[in-house]
Amino acid sequence: MDISHLVDKLNDAQRQAVTAPIGPALVLAGAGSGKTRVLTHRVAWLVEVENVSPQSIMAVTFTNKAAAEMRARIEHMLQLPTAPLWIGTFHGIAHRLLRIHWREAKLPQSFQIMDADDQQRTVKKVLKALNLDEERWVPKEVVWFINAQKDAGLRPNNLKSEGDFNREQMIKLYAAYQDACERGGMVDFAELLLRVFELLRDNLDLQAHYRRRFQHVLVDEFQDTNAIQYQWLRLLAGPEGNPFVVGDDDQSIYAWRGAKVGNLLQFQKDYSRLKVFRLEQNYRSSGNILKAANKLIENNSGRMGKNLWTQGNEGELIKLYSAYNERDESDFVVNRIRHWIDKGGKRSECAILYRSNAQSRVFEEAMISARMPYKVYGGLRFFERQEIKDALAYLRLVHNRGDDTSFERVVNLPTRGIGQRTMEIVRDYARANACTLWNAAGANMQALGSKGGIALHGFMLMIEKMEQAIRELPLHEQVDHVIAHSGLLTHYRNDKNGGEARIENLEELVSAARGFNADNTNAAEAGEMTPLAAFLSHAVLESGEGQANDGEDCVQMMTLHTAKGLEFPMVFLCGMEENLFPHSRSVNEPSGLEEERRLCYVGITRAMKHLFISYAESRRLHGMDSHHSPSRFIREIPSELLEEIRPRIQVSRPVYTSGYASSSANGYSSSRSSKMVEDTPNGIKLGQRVRHGKYGEGVVLKFEGDGSHARVEVRFERQGTKWLMLAMAKLETI
DNA sequence: AAATCAACGCTTTTT
DNA sequence: GCGTTGATTT
């Protein structure tokens, strides 16, 4: 048999992992060492060489994106339909199992998944029902407690108060919250995993069935698994199974949400037959970048040990830029990107990475004034937008009357005379009779005032009518109908601020429904879900990234966390300052600091050829000017790998704020003596209005260099800001 | 029920 | 400093 296509393009280490005899395996894969390649080739190897049935393979990832990518690559390799393989996220696969086994899992068939927002609302509702003060029991913290317990695989009755009143109350809240979820047939994200775990643990028939079926479970990004995910995996694979996991302890950056790097070690203990493979050859970054990453990460303790190397050349040094302030930093980045574009590079090859989302703002402003297309990743996702959630709530209510969260959300949206008074009566009744809000509203008509009662009746009638009306329609028309007939559309049309964008999003929801292929999702295949039901689950599980790719070549902006798994020819690591990165809330604990360092490691290893590190000596943060020293991580990179760049002989400075400008000269230039020069030879000053033959009128923002190399930056009214050679441009002062 | 105001808080994020 | 959220006002 010809297996060359499976192994030809692999290096030794990769090949050993891919062709390992069937059995448990751990692949420690450094950044850029081809771990996805190993994973996909392993699947192909199992199918083509070991004659494993695709049906008995499950591949688990953390994000939908990774799952889709893996499926595409496997499909490409196998040249076979990949439907029989289970490929998905932990949550997606758990969901699929629960849709099949809802009865055994003691769930209503119509159970709904709640997102973080729904969860918080439910907690607030519970707090209110128990008459507890939200100041004392902060909903966010309660949610956090509940999720942490579920992530650890613990139910309220597994928990002890340990004489701690606070904890005791939290446990009670957890129990009350769980009751509320059960009543409404709601399942939160952590519950998906916990339910499936319990299902397999307590139902030995099912356990045996799935162990027999899935002899080959493969896991990507194993270092990000939390306690319940690992227990889930062990239960599914069983002691005789052959889990094949890939991970990198140095890229564990999610401990703060429950990921346990320790699972890597535990895995080695739990499977004595385990074979360990190390992938250390890096195909992404040039030598200097790798050296920097290796040296940095050496400062962490308790690593499994790994040293990345490359056959490629050293490449450039890492450029270090010390900016005067955050504006200067963003200007610097924009200029370097512009330079890159001028030399024929793409904007999408450039990534601006930062520690926290708030930092994107300054860069966005700089990009806008430079007319440079950009895209910021993160922030509000499509399915998390208010108007989308409103529409989905209507759809959910149409699909399932028992969905209290949705009921609460839209009962008075748009306002239809069902105020707090009316709802309080309904809620009380529901609480007293342990029934859903819908049933309470239906049963309790006489207790309501006539006004509220009639309005409520009208609302319920509307929902019923919508269900009738859409019964025979294709999915996207169902969505369209509900948006129009619920009154949402008119409501947002009348909203003067921001309403237009909302309408557009609602229209986008209709086209998302049109493009939604229920057959593609794991859920639909599992049971007789209606397309609507499948779409609703899809909407919660899949946050709606990847739709708005309009194809324009854009500079990429995102947090370091978001950048994991990606690579770019040119990377800017910005805001490298103490208290920002490492973040002030992480520096006190050694484990927190080490996670920050791993985050920095992730950032450095995103870069293929050009890496820029920058920090600002002064930065406006939370409305205050603060001065931070350069990040300790810069010092941990050997200085011979760094090249400080000071492109400006002149200090660029804000034009209109004069008091500010004078301090900049002292604060900034350290090595070279730079005298402040106010005038250019032509008598052009900063802030001077000028006229250009082609670009029209503008204002001089900066200038650099002297003699024949003198350049000025001018902001033109119509053409944006441009750098001009003074000797060539023939500027006329106005 | 809409509009306006004060208070808060401010890492990282997927599902 | 800004955006969100809850409370208060009309």
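Residues numbered from 1 in each chain as written. Chains lettered and ligands numbered in written order. Predicted model: local features only at pLDDT ≥ 70, side-chain atom pairs only at ≥ 80, totals over all residues. Heavy atoms only, no water.

Asker: Which residues make up the overall build of chain A, and what are the values?
Answerer: Check the secondary structure of chain A and you find 30 helices and 21 strands. Every one of the 734 residues in chain A was classed for burial, and the buried ones make up 54%. For chain A, the proportion of contacts with a sequence separation of at least 24, taken over those separated by at least 6, is 73%. Carbon together with sulfur atoms contributes 49% to the accessible area of chain A, which is approximately 33,600 Å² in total. (Helix = DSSP H or I, 4+ residues; strand = E, 2+ residues; numbered from the N terminus. Buried < 20%, exposed > 50% of the residue type's maximum accessible area, 1.4 Å probe, protein only. Contact = heavy atoms within 4.5 Å. Areas by Shrake-Rupley, 256 points an atom, 1.4 Å probe, with all protein chains shown as cover.)

Asker: Account for the pairing of strand β7 (residues 244-247), naming residues and giving values.
Answerer: Burial along β7 is two-sided: Phe-244 and Val-246 facing one way and Val-245 and Gly-247 facing the other are all buried. As paired elements, strand β6 (residues 216-219) and β7 share 2 bridges and run parallel to each other. Within the sheet, the bridge partner assigned to Leu-218 lies in β7 and is Phe-244. Tracing the backbone out of β6, into helix α11 (residues 227-237) and back to the parallel element β7 gives a crossover that is right-handed. (Pairing = 2+ DSSP bridges. Right-handed = clockwise from strand over helix to strand, strands pointing away.)

Asker: I'd like a rundown of the packing of aromatic side chains, residues and numbers included.
Answerer: Under the criterion given, the structure shown has 20 aromatic pairs. Measuring from ring centre to ring centre gives 6.5 Å for Tyr-354 and Phe-363, while their planes differ by 15 degrees; the resulting arrangement is stacked. The same class applies to Tyr-354 and to Phe-363, which are both buried. Where Phe-407 meets Phe-459, the ring centres are 5.7 Å apart and the plane angle is 90 degrees; that geometry is what we call edge-to-face. Of this pair, Phe-407 sits in helix α17 (residues 404-410) while Phe-459 sits in helix α20 (residues 450-470), placing them 52 residues apart in sequence. With respect to class, Phe-407 is no different from Phe-459; both count as buried. (Phe/Tyr/Trp six-rings, centres within 6.5 Å; stacked < 30°, edge-to-face > 60°.)

Asker: Explain the side chain of Ser-486 to me, using residue names and the numbers behind them.
Answerer: Residue placement: Ser-486 occurs in the loop between α21 (475-485) and α22 (488-494). Here the side chain of Ser-486 touches Val-482 through a polar contact of 2.7 Å, landing on its backbone oxygen. Here Ile-483 takes part through its backbone oxygen, which lies 3.2 Å from a polar atom of the side chain of Ser-486. In this view, Ser-486 contacts Tyr-394, Pro-414, Arg-416, Met-462 and Met-466; residues no more than four positions away in its chain are not counted. (Polar contact = N/O pair within 3.5 Å; in protein donor to acceptor, adjacent residues only side chain to side chain.)

Asker: Describe the side chain of Gln-478, naming the residues involved and giving the relevant values.
Answerer: On the secondary structure map, Gln-478 appears in helix α21. Residue Gln-478 is classed as buried on the basis of its relative accessible area, which comes to 9%. The residues contacting Gln-478, other than those within four sequence positions of it, are Leu-395, Ile-470, Arg-471, Leu-473 and Leu-532.

Asker: With reference to specific residues and values, describe the protein's contact with DNA strand B.
Answerer: Near DNA strand B, the surroundings consist of 26 residues, among which Asn-64, Arg-355, Arg-381, Thr-559 and Arg-585 are the closest. Sugar plus phosphate, as a fraction of atoms of DNA strand B within 4 Å of the protein: 57%. One of the side-chain nitrogen or oxygen atoms of Arg-257 is found 3.2 Å away from a base oxygen of DNA strand B. In the surface near DNA strand B, the residues fall into 5 nonpolar, 15 polar and 6 charged. (Near = heavy atom within 4 Å. Nonpolar A, V, L, I, M, F, W, Y, C, P; charged D, E, K, R; others polar.)

Asker: I'd like to hear about unusual backbone geometry, residue by residue, with values.
Answerer: Of note, the bond from Leu-413 into Pro-414 is cis; its omega dihedral lies within 30 degrees of zero at -5 degrees. A cis amide bond links Phe-581 to the next residue, Pro-582, at an omega of 5 degrees. The topology assignment puts Pro-582 in the loop between β13 (568-573) and α27 (590-604). Despite not being glycine, Ala-434 shows a phi value in the positive range, around 50 degrees. The residue Ala-434 is located in the loop between α18 (420-433) and α19 (437-443) in this model. According to the relative accessible area criterion, Ala-434 is exposed, its value standing at 52%.

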